[in-house]
Amino acid sequence: MTENTAPLKRSDVRPPGVNADEPTTLLTFLDYLREAVIGKLAGVSDEDARRPGVASGTSLLWLVRHLTLVELHWFEWAYQGVGDKPAESDDVPLDGATVAEEIAAYRDAIARANVVAAAVGAELDRPGVRSLRPDGEAPSMRWVLVHMIEETGRHAGHADIIREQLDGAVGR
C-alpha cells in the first residue's frame, strides 16, 4: 500500500439481533464470527492466503484450516463421540491449498457442527461424550458453543491483522 492509496474497507456486517433464546443467540453469534473469518479471504489469491503474516507462520489459510479442524474436534469428536480425533492444524501441509477448497471444507464443518448443535436444542447443559482431560467431565453444549465463540473470535482478530498486512483491507 502506498501513501496515496486508501486502505480497502469491507462493509460492516452487523451482529445478530437481540432477544432470541439462548441456543439461537449462541449459534447466531458463532455463525456471525465464522462469516467474518470467511470474509477475510474475499479477493485474496491462493498464494497470498498461504503467506504467513507473522513470525509463527500463521496465514489466512492456516487460520481457516485450524478452525475447520476445531469445529470437527469439538462438535463431532468430543461432543458426539464420532470418529477418530481430527488432525492437528499443523499436521496437514498447506502446499497447494486453495482459498476455495479451504472455505468449502470450513463451510462443511460448520454445517456438520450446526446439525449437532441443533439436535441438542434447548438442552445446552447436556454433556457430550468425550472429555479432553483424563480426569475431567465431557463438556456441555453450552460450553462448546461459548468456547467456539471465543476461539473463532480470537482467530477472526488474527485474520483482521493478517489481511491488513497483506493488502491494507480493513473492516469486518
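The shown structure was predicted, so the numbers you read here are calculated from the model rather than taken from an experiment. (Residues numbered from 1 in each chain as written. Predicted model: local features only at pLDDT ≥ 70, side-chain atom pairs only at ≥ 80, totals over all residues. Heavy atoms only, no water.)

What is the right way to read the overall build of the protein from this model?
When helices and strands are counted, the protein shows 5 helices and 0 strands. Starting at the N terminus, the α and β elements of the protein follow one another as α-α-α-α-α. Looking at the 172 residues of the protein, the share that counts as buried comes to 42%. Across the protein, contacts joining residues at least 24 apart in sequence account for 73% of those joining residues at least 6 apart. (Helix = DSSP H or I, 4+ residues; strand = E, 2+ residues; numbered from the N terminus. Buried < 20%, exposed > 50% of the residue type's maximum accessible area, 1.4 Å probe, protein only. Contact = heavy atoms within 4.5 Å.)

Whenever I open this one, the packing of aromatic side chains confuses me. Can you help?
Where two aromatic rings form a pair, the distance of their centres and the angle of their planes describe that pair. The full count for this structure, using the stated rule, is 2 aromatic pairs. Summarising the aromatic geometry, the rings of F29 and Y32 are spaced 6.4 Å apart at their centres and angled 85° between planes, so their arrangement reads as edge-to-face. Separated by 3 residues within a single helix, F29 and Y32 lie in helix α1 (residues 22-39), roughly one turn from each other. When the ring of W74 is compared with that of W143, the centres are 4.9 Å apart and the planes differ by 50°; the resulting orientation is tilted. One end of the pair, W74, is in helix α3 (residues 60-80); the other, W143, is in helix α5 (residues 141-167), with 69 residues separating them in the sequence. On the basis of relative accessible area, W143 is assigned to the partly exposed category, the value being 40%. (Phe/Tyr/Trp six-rings, centres within 6.5 Å; stacked < 30°, edge-to-face > 60°.)

What is the right way to read α5 from this model?
Between the first and last C-alpha of α5 there are 38 Å, a value that for 27 residues agrees with the 39 Å anticipated at 1.5 Å per step. Among the residues of α5, M141, V144, L145, H147, M148, E151, T152, H155, A156, A159, I162 and R163 are the ones counted as buried. A positive phi of about 85° marks G168, the residue just after α5. (Expected span 1.5 Å × (residues − 1).)

It is not clear to me how the confidence of the model for the protein should be interpreted in this structure. Could you clarify?
Atomic detail in the predicted coordinates should be set aside for any region of low pLDDT. Per-residue pLDDT for the protein averages 88, and the proportion of residues at 70 or more is 89%. When the elements of the protein are averaged for pLDDT, α1 gives the smallest value, 94, and helix α4 (residues 99-120) the largest, 97. Per-residue pLDDT stays below 50 along residues 1-7; that stretch engages in 3 contacts with residues further than four places along the chain or on separate chains. (pLDDT = per-residue confidence, 0-100.)

Would you take a moment to explain the environment of R112 for this structure?
Tracing the sequence through the fold places R112 in helix α4. For R112 and E76, which are 36 residues apart along the polypeptide, the C-alpha to C-alpha distance reads 8.0 Å. Not counting the four nearest positions on each side in its chain, R112 is found in contact with L72 and E76.

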